[in-house]
Amino acid sequence: MIEISHLNKTFALKEGVVDAVHDVSLTIQDGDIYGVIGYSGAGKSTLVRCLNLLEMPDSGTLQINKTGPLTMENGKVYYGANKTPMREKQLNQMRRSIGMIFQHFNLLDRSTVFDNIAYPLKYSGMSRADIRTRVFELLELVDLMDKKDAYPSQLSGGQKQRVAIARALANRPKVLLSDEATSALDPEATESILSLLRSLNEKLGLTIVLITHEMAVIKAICRHVAVMEEGRVVETGNVYDVFAHPKENITRRFVASANALSRVDKLLKDDSQLVSVGKGETLIRMTFSKDSVGDAVISQISRDFNVSLNIVLASVEVLEGAPLGGMVSIIKGDPKDVTNALNWLKDHFVEVEVLKRG
Ligand SMILES: Nc1ncnc2c1ncn2[C@@H]1O[C@H](COP(=O)(O)OP(=O)(O)O)[C@@H](O)[C@H]1O
Ligand SMILES: [Mg+2]
């Protein structure tokens, strides 16, 4: 388990102090794939770098698997309940128990794939034969055996990230930190790296903490998510709940970024014919979730309340195996019937938002 509590990191710049990470507390369970999403500058990279103390937090405590509790005070780190100063050797040991991958791979350009993967093993006291065996295992794991003698410049982006993943896992860490690992990749390579991460999570029980600014990445593999804004974690929960019922504005923006229904906002702005409503008509957005999807709510309200619905936009997708979706439509009928129909929907776990009344 990873427990981050009241973590702070500031940077002092000429222009003033940057609150890069502000009072962040998070718990990440073993074997989870935990996403942290936020726009550029939100503090995501600083937060993950604080987890392996590549960046020394100003204050806070950390428990990473069996390492800890670590207490940070005034930029120094102390170990255990009686706060013994942590030694460089312990620090390195802890860093080795956490793997990390980056957007730009950070490979050694003059070394072959084999040597890149072997690199972190060189100083671990392993024999050359053992290193060779381990590198071959890792090549197998990331499906790159045929590229072992290639140089990074001879690889595609997706293959480079596979090398980086193999290298990050060389010392058998329990935790992998991924900082925008798919952000430089095309959609196909992104998909293949994400499915590799998912299979490593399952096969090795690897805990993955994944930083991204892309909603689609979170949706594809994360089970839990934290939303970051201006150094703070503003919302957390399991992916389905957070995205089905976003509470914060920024979370809504991320949901909208990956949702076909958000096109309605543009249509409204452009005064499109598609969303124009006449007298007695109301433009609404309905959001279904696992409690309501599958019920025949639409046909039921048209029958019971004598209203008619015109579909403008609709989308239902599957998140964590559960359907999540919505519909933008124009509802028409006697005003009292419309009000009753909308109330009925709300009672049946459909979120209803009135966008425009005719
Ligand atoms: N080494 C640094 N020195 C000064 N400011 C930094 C440094 N690293 C990050 N920052 C600042 O901290 C804030 C958070 O940055 P970062 O963690 O990189 O965000 P993200 O990864 O979400 O884009 C930004 O305002 C950034 O400019
Ligand atoms: Mg970053």
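None of the values given here were measured: they were computed from a predicted structure.

A.B. asks: Looking at this structure, I do not really get the overall build of the protein chain. What am I missing?
C.D. replies: Within the protein chain one finds 12 helices and 16 strands. Overall size of the protein chain, expressed as C-alpha extent along the three principal axes, is 80 × 50 × 40 Å. Put simply, the protein chain has 358 residues, and 46% of those count as buried. Considering only intrachain contacts with a sequence separation of at least 6, the fraction spanning at least 24 residues in the protein chain is 65%. Positive and negative side-chain charges in the protein chain, numbering 43 and 44 respectively, have mean positions lying 5 Å apart.

A.B. asks: What am I meant to see in the site of ligand 1 here?
C.D. replies: As a matter of local geometry, ligand 1 sits amid Phe11, Leu13, Val18, Ala20, Tyr39, Ser40, Gly41, Ala42, Gly43, Lys44, Ser45 and Thr46. The contact in question runs from an oxygen atom of ligand 1 to an N or O atom on the backbone of glycine 41, over 2.6 Å. In terms of residues, the shell around ligand 1 owes the most to one element, helix 1 (residues 44–51), which gives three residues. Residue classes in the shell around ligand 1 are distributed as six nonpolar, five polar and one charged.

A.B. asks: Any chance you could explain the domain arrangement of the protein chain here in plain terms?
C.D. replies: Where the parts come together, the accessible area they lose is often given as the size of the interface. Annotation of the protein chain at the domain level lists domain 1 (2–97 + 173–257) and domain 2 (261–357). Each of domain 1 and domain 2 has a C-alpha centre, and the two are 37 Å apart. Counting residues at the interface gives 11 residues for domain 1 and 11 residues for domain 2. When the shortest N-O distance is used, the salt bridge between glutamate 317 and lysine 219 registers 2.8 Å. Across the domain 1-domain 2 interface, the total number found is three residue pairs in polar contact (both at pLDDT 80 or more). Here the side of domain 1 that touches domain 2 gets five residues from one element, more than from any other, and that element is helix 8 (residues 239–244).

A.B. asks: Could you clarify how one ought to interpret the environment of valine 217 in this entry?
C.D. replies: Structurally, valine 217 is set in helix 7 (residues 215–221). Through-space distance from the C-alpha of valine 217 to that of glycine 35 is 8.6 Å; in sequence the pair is 182 residues apart. If sequence neighbours within four positions are ignored, valine 217 has contacts with Thr182, Leu194, Leu210, Thr212 and Cys222.

A.B. asks: Is there a simple way to explain the sheet that holds strand 15 (residues 322–332) in this structure?
C.D. replies: Whether parallel or antiparallel, the strands of a sheet pair through hydrogen bonds between backbone atoms. As summarised here, the arrangement of the four strands in space is 14-15-13-16, forming an open sheet in which the pairing is antiparallel. Sheet topology places strand 14 (308–319) and strand 16 (351–357) at the edges, where each strand pairs with a single neighbour. When the angles between neighbouring strand axes are averaged without regard to direction, this sheet yields 15°. Of the strands in this sheet, strand 13 (281–288), strand 14 and strand 15 touch helix 11 (residues 297–305), which is tilted by about 145° from strand 13.

A.B. asks: Mind showing me how you'd approach the pattern of salt bridges here?
C.D. replies: Close approach of charged atoms lets side chains of opposite charge pair. On inspection of all chains with the given rule, the structure shows 11 salt bridges. A salt bridge links arginine 285 to aspartate 265; the nearest nitrogen and oxygen atoms lie 3.9 Å apart. Highlighted residues: arginine 285 in strand 13 and aspartate 265 in helix 10 (residues 263–269), separated in sequence by 20 residues. Judged by its relative accessible area of 15%, arginine 285 is buried. Each of Arg134, Glu137 and Arg172 takes part in one network of salt bridges that share partners.

A.B. asks: Quick question: what am I supposed to make of the sheet that holds strand 4 (residues 59–64) here?
C.D. replies: Pairing is antiparallel in the open sheet, where six strands are placed in the order 2-1-4-5-6-7. Single-partner strands in this sheet number two, and they are strand 2 (16–28) and strand 7 (84–85). Both strand 6 (residues 76–79) and strand 7 contribute to a ladder of two bridges, which runs antiparallel. Of the residues in strand 7, the one forming a bridge with tyrosine 78 is proline 85.

A.B. asks: Where do I start with the packing of helix 5 (residues 157–169) against helix 6 (residues 187–204) in this structure?
C.D. replies: A pair of packed helices is characterised by two quantities: the angle between their axes and the separation of those axes. Interhelical geometry of helix 5 versus helix 6 gives an angle of 20° and a closest axis separation of 9 Å. On the basis of their axis angle, the class for helix 5 and helix 6 is roughly parallel. The chirality of how helix 5 crosses helix 6 is right-handed. Mapping the contact onto sequence places Gly158, Gln161, Arg162, Ile165 and Leu169 in helix 5 and Ala189, Ser192, Ile193, Leu196, Leu197, Leu200 and Leu204 in helix 6. The residue makeup of the contact of helix 5 with helix 6, split by class, is eight nonpolar, three polar and one charged.

A.B. asks: Explanation requested: a nonpolar patch on the surface in the structure shown.
C.D. replies: A cluster of nonpolar residues, Leu108, Tyr119 and Tyr123, forms a patch on the protein surface that exposes about 340 Å² of accessible area. Its location among the elements puts leucine 108 in the loop between strand 8 (98–102) and helix 3 (113–118). Classification of leucine 108 by relative accessible area gives partly exposed; the value is 33%.

Thresholds applied
Residues numbered from 1 in each chain as written. Chains lettered and ligands numbered in written order. Predicted model: local features only at pLDDT ≥ 70, side-chain atom pairs only at ≥ 80, totals over all residues. Heavy atoms only, no water. Helix = DSSP H or I, 4+ residues; strand = E, 2+ residues; numbered from the N terminus. Buried < 20%, exposed > 50% of the residue type's maximum accessible area, 1.4 Å probe, protein only. Contact = heavy atoms within 4.5 Å. Lys, Arg positive; Asp, Glu negative; His and termini not counted. Charge placed at Lys NZ, Arg CZ, Asp CG, Glu CD. Near = heavy atom within 4 Å. Polar contact = N/O pair within 3.5 Å; in protein donor to acceptor, adjacent residues only side chain to side chain. Nonpolar A, V, L, I, M, F, W, Y, C, P; charged D, E, K, R; others polar. Domains from an automatic or database assignment. Salt bridge = Lys/Arg side-chain N within 4 Å of Asp/Glu carboxyl O. Pairing = 2+ DSSP bridges. Axes fitted to C-alpha atoms, helices over the stretch in contact; angles between N-to-C directions. Parallel < 35°, antiparallel > 145°, perpendicular 65-115°, else oblique. Left-handed = near helix turned anticlockwise from the far one by under 90°. Patch = residues over 30% accessible without salt bridge, like charges linked within 9 Å, V, L, I, M, F, W, Y side chains within 5 Å. Areas by Shrake-Rupley, 256 points an atom, 1.4 Å probe, with all protein chains shown as cover.

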